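Results of the structural survey
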Amino acid sequence: MHHFKILEYALSSLIRRKFKNLAIIIVYTFTVATLASILFLTHSLKKEAEYLLADAPELVVQRLSGGRHELIPLEYGETIRRIPGVAQVQPRLWGYYYDGLIDANYTLQEVLPSHSKLPMLQGRLPQNPGECSIGAGVAEVRRIGLEDDLIMVDSANVGRTFTVTGVFKPESALLTNDLVILEKQDLIDFFDYPADLATDIAVSVRNPVEINTIAEKIKRQLPDTRPISRSEILRTYAAVFNWRSGMMLSVFVAALVAFCILAWDKATGISAEEKREIGILKAIGWETSNILEVKFWEGIAVSLTALLLGLLTAYIHVFFLNATLLTPVIKGWSVLFPTFRLAPFIDPYQILVIAFLTVPPYVVSTVIPSWKAAITDPEAAMRG
Amino acid sequence: MLKHRVFIALTALEMLVLSLLFFFGQIRADHLLATELPQLRTTAGALQLTDLAIWTEARYTRHPSQADRFTPFQDFPSALEHFPAGSIIAPSSFGRSNQ
């Protein structure tokens with residue numbers, strides 16, 4: 001009962017300075033919402049990348065020349081095929097195309113022989129020359145759909161027309177937004193690739209335990225190559241979206257610094273009015289511990305409200321509004337940028353981290369200056 | 001003695017709404033894991049995709065897993081990184097493990 005009375009007094013005290021406290025709650029909520037949005041977004045992207053890329057090629061072998069990725073001779077594939085433990089070798093052809101009409105980059109890729117009916121594709125994959133399948137982003141920016149024509153300028157500066165036979169569903173935009181799938185010979189002609197070269201080679205391995213051993217053998221037999229394993233692909237995405245990534249550092253740290261300034265402002269002093277109030281309370285017989293309890297409950301009321309409102313805002317922002325406000329920050333100069341339709345994977349550990357990063361510092365920064373005022377002489381405190 | 005009751009009720013309501021959002025979010029995530037995400041994974045596997053199509057502004061941001069950490073600086077020695085997404089994403093782990 002005693003604590004409820006103290007809480008009642010603390011709330012009355014907050015309401016007396018309602019505009020100031022409301023402003024603090026708004027800024028605090030915004031800071032928590034920013035921190036939580038980044039954490040929710042990066043965690044969901046990391047989980048989705050982990051799940052979706054689990055069927056990526058076990059090994060991708062690139063050729064390097066002068067430190068740059070170069071086209072790889074098809075005969076390298078034959079050398080790799082002879083390594084014991086290698087199940088399948090698939091030379092891949094793909095490249096980038098800059099579309100000057102809309103200033104966007106597409107990823108052009110050949111249709112692989114293993115391609116069957118894809119669940120995320122409306123229509124079908126190209127089967128004949130002059131056909132293509134496109135991602136939802138390409139369809140949107142070029143304002144085309146099934147059976148329309150996609151015109152692109154090839155490496156000889158000649159315009160080529162492809163009939164759209166398939167459009168990837170918007171739900172798959174995270175993977176296929178900028179893709180243009182062409183028939184193999186079309187892609188070779190488009191980029192004027194030499195017939196005996198491929199962009200890279202995908203390698204399947206019979207026993208997953210042997211992937212690293214086979215990668216070492218490839219590197220030994222073909223020293224100008226670079227094998228990239230599936231685990232390295234997955235590790236890349238774990239690194240891209242982890243705590244130390246640039247996305248976290250640029251937005252997360254900015255929000256954290258804003259919060260520190262808020263807490264610092266609270267901690268470095270209390271207003272003359274608050275000092276007078278503490279002095280009066282001491283003069284009428286309140287114990288220092290009672291005053292500290294009042295300030296503790298004031299801090300808890302503000303920080304808990306802001307924390308919960310911030311988490312609610314962040315959840316709605318990321319999972320209902322597709323992280324609309326973060327998109328301009330993350331987008332950079334990408335013209336084709338997928339709409340995030342993320343599965344709401346939440347890590348309880350991150351919620352705890354946000355709570356510990358925000359609530360205790362604020363409560364401490366509310367209590368400490370009040371403690372300083374509470375241990376001074378009531379008369380001096382009342383005089384401010 | 002009304003204010004603390006209102007505060008406790010409001011806080012409890014916020015916690016309840018948040019718990020419900022997390023709970024239904026988990027159900028939705030499980031549903032997506034059972035329905036849509038396997039289809040996406042099949043698509044990624046069939047097309048042999050190695051990266052998410054998030055940043056399409058440069059080669060090394062479109063396919064971070066296929067690029068070196070020094071790719072942005074390959075144009076000429078000590079070239080400056082000039083794509084915004086390049087400063088948003090972290091360097092590929094590949095560079096550290098295999099180079």
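This text follows the structure it describes.
Since the model is a prediction, treat every value here as computed from it, not as a measurement.

To continue, consider the overall build of chain A. When its secondary structure is counted, chain A shows 14 helices and 14 strands. The C-alpha radius of gyration of chain A comes to 30 Å, more than 25% above the 21 Å expected for a compact globule of 384 residues. Along the first, second and third principal axes, the C-alpha set of chain A runs to 95 × 45 × 40 Å. Each of the 384 residues in chain A was classed as buried or not, and the buried ones make up 54%. Carbon together with sulfur atoms contributes 60% to the accessible area of chain A, which is approximately 17,100 Å² in total. Separation of charge centres in chain A, based on 36 positive and 39 negative side chains, amounts to 8 Å.

Residue and element names in this part refer to chain A. Residues Leu179 and Ile181 of strand β11 (residues 179–182) are buried on one face, and the alternating residues Val180 and Leu182, pointing to the opposite face, are buried as well. Relative to β11, strand β6 (residues 104–110) runs parallel, the two sharing four bridges. By the bridge assignment for β11, Leu108 is matched with Val180. Where strand β8 (residues 131–134) lies against β11, three bridges are found, and the strand directions are antiparallel. By the bridge assignment, Ser133 is partnered in β11 with Ile181.

Once that is clear, we can look at the nonpolar core. Tyr28, Phe40, Leu41 and Phe340 of chain A together with Ile54 and Trp55 of chain B are the most contacted members of the largest nonpolar core, which totals 83 residues. With 13 residues, helix α2 (residues 18–52) of chain A is the single largest residue contributor to this core. Counting 40 residues, the second largest nonpolar core, distinct from the first, contains Ala104, Phe190, Val205 and Ile211 of chain A.

Turning our eyes to something else, we now look at the packing of helix α10 (residues 272–283) of chain A against helix α11 (residues 288–320) of chain A. All names here are of chain A. Running from N to C, α10 and α11 point in directions that differ by 140°, and their axes come no closer than 10 Å. In this view, α10 runs oblique relative to α11, as classed from their interaxial angle. In terms of crossing hand, the pair formed by α10 and α11 is right-handed. Contacts between α10 and α11 involve Glu274, Ile278, Leu281 and Lys282 from the first element and Thr288, Ile291 and Lys295 from the second. Here the residues of the contact of α10 with α11 sort into three nonpolar, one polar and three charged.

Criteria and cut-off values
Residues numbered from 1 in each chain as written. Chains lettered and ligands numbered in written order. Predicted model: local features only at pLDDT ≥ 70, side-chain atom pairs only at ≥ 80, totals over all residues. Heavy atoms only, no water. Helix = DSSP H or I, 4+ residues; strand = E, 2+ residues; numbered from the N terminus. Rg over C-alpha atoms; globule rule 2.2 N^0.38 Å. Buried < 20%, exposed > 50% of the residue type's maximum accessible area, 1.4 Å probe, protein only. Areas by Shrake-Rupley, 256 points an atom, 1.4 Å probe, with all protein chains shown as cover. Lys, Arg positive; Asp, Glu negative; His and termini not counted. Charge placed at Lys NZ, Arg CZ, Asp CG, Glu CD. Pairing = 2+ DSSP bridges. Core = buried A, V, L, I, M, F, W, Y, C linked by side-chain atoms within 4.5 Å. Axes fitted to C-alpha atoms, helices over the stretch in contact; angles between N-to-C directions. Parallel < 35°, antiparallel > 145°, perpendicular 65-115°, else oblique. Left-handed = near helix turned anticlockwise from the far one by under 90°. Contact = heavy atoms within 4.5 Å. Nonpolar A, V, L, I, M, F, W, Y, C, P; charged D, E, K, R; others polar.

In short, geometric facts, not functional conclusions.
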